[in-house]
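Coordinates in review
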Amino acid sequence: MYTDPGAAPYVERFVLHGRTGKLSQAALETLAIVAYKQPISRMQVSAIRGVDAEGVMRTLQQRGWIDEISRDSGPGNAILYGTTRDF
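These numbers were taken from a predicted model, which means no experiment stands behind them. (Residues numbered from 1 in each chain as written. Predicted model: local features only at pLDDT ≥ 70, side-chain atom pairs only at ≥ 80, totals over all residues. Heavy atoms only, no water.)

1. Considering the overall build of the protein chain
The test is simple: Counting from the N terminus, the helices are DSSP H or I runs at least four residues long and the strands are E runs at least two residues long. Atoms considered for the radius of gyration are the C-alpha atoms alone. The globule rule reads 2.2 Å times the number of residues to the power 0.38. Burial classes follow relative accessibility: with a 1.4 Å probe on protein chains only, a residue under 20% of its type's maximum area counts as buried, one over 50% as exposed, and anything between as partly exposed.
A tally of helices and strands in the protein chain yields four helices and three strands. Element order for the protein chain, N to C, with α for helix and β for strand: α-α-β-α-α-β-β. Scaling as 2.2 N^0.38, a compact globule of 87 residues should have a C-alpha radius of gyration of about 12 Å, whereas the protein chain reaches 15 Å, well beyond that. By principal-axis analysis of the C-alpha atoms, the protein chain measures approximately 45 × 30 × 25 Å. Counting all 87 residues of the protein chain, 22% fall into the buried class.

Below is the structure:
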């Protein structure tokens, strides 16, 4: 999607509207796992929860509550996540 640069404040307000709402149960569970086990990879979170956590992790990262903090030294160099100061 492309917009006129002059419309940027309006588009940002539209896109970010509602981001302060409550978290889903899945997001709360995922955030608790990351906070307790950090640094932790996305695959480890998925294994603990028993379901794919990619979408929830992306949402938490967009809200600024978790972020990439390092890389695993093992095979594949998985991204490790932890909580941010905003959390």
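2. Focus: helix α2 (residues 25-37)
So the rule is basically this: How far a helix is expected to stretch is found by multiplying one less than its residue total by 1.5 Å. In this description, one arc is meant: the one made by directions from the helix axis to the C-beta atoms.
An ideal rise of 1.5 Å per residue puts 18 Å on 13 residues; α2 measures up with 18 Å between its terminal C-alpha atoms. Every buried residue of α2 is accounted for by Ala27, Thr30, Leu31, Ile33 and Val34. Mapping the buried residues of α2 onto a view down its axis gives an arc of 160°, with all of them on the same face. α2 presents Gln25 and Tyr36 as exposed residues on the side facing more than 90 degrees away from its buried surface.

3. What to know about the nonpolar core
Where we set the bar: Here the nonpolar core consists of buried residues drawn from Ala, Val, Leu, Ile, Met, Phe, Trp, Tyr and Cys, with membership extended through side-chain atoms lying within 4.5 Å. Throughout, a contact is declared for two residues whenever any of their heavy atoms are within 4.5 Å.
Core analysis: the largest hydrophobic core is formed by 13 residues, its most contacted members being Val34, Val45, Met57, Leu60 and Ile66. Within the residue set of this core, elements represented by two or more residues are α2 and α4 (54-62). Considering each element in turn, this core owes the most residues, four residues, to α2. Every residue in contact with isoleucine 66, bar those within four places of it in the chain, is listed here: Leu31, Val34, Met57, Leu60, Gln61, Tyr81, Gly82, Thr83 and Thr84.

4. Some details on the sheet that holds strand β1 (residues 40-41)
Cut-off, in case you're wondering: What makes two strands pair is DSSP finding at least two bridges between them. Here the axes come from fitting lines to C-alpha atoms, over the contacting stretch only for helices, and the angles between their N-to-C directions go from 0 to 180 degrees.
Strand order across the open sheet formed by three strands is β1-β3-β2, with antiparallel pairing between neighbours. The open sheet has two edge strands, β1 and β2 (66-71), and neither has a second partner. Against the sheet, α4 contacts β2 and β3 (79-83), and its axis sits at roughly 105° relative to β2.

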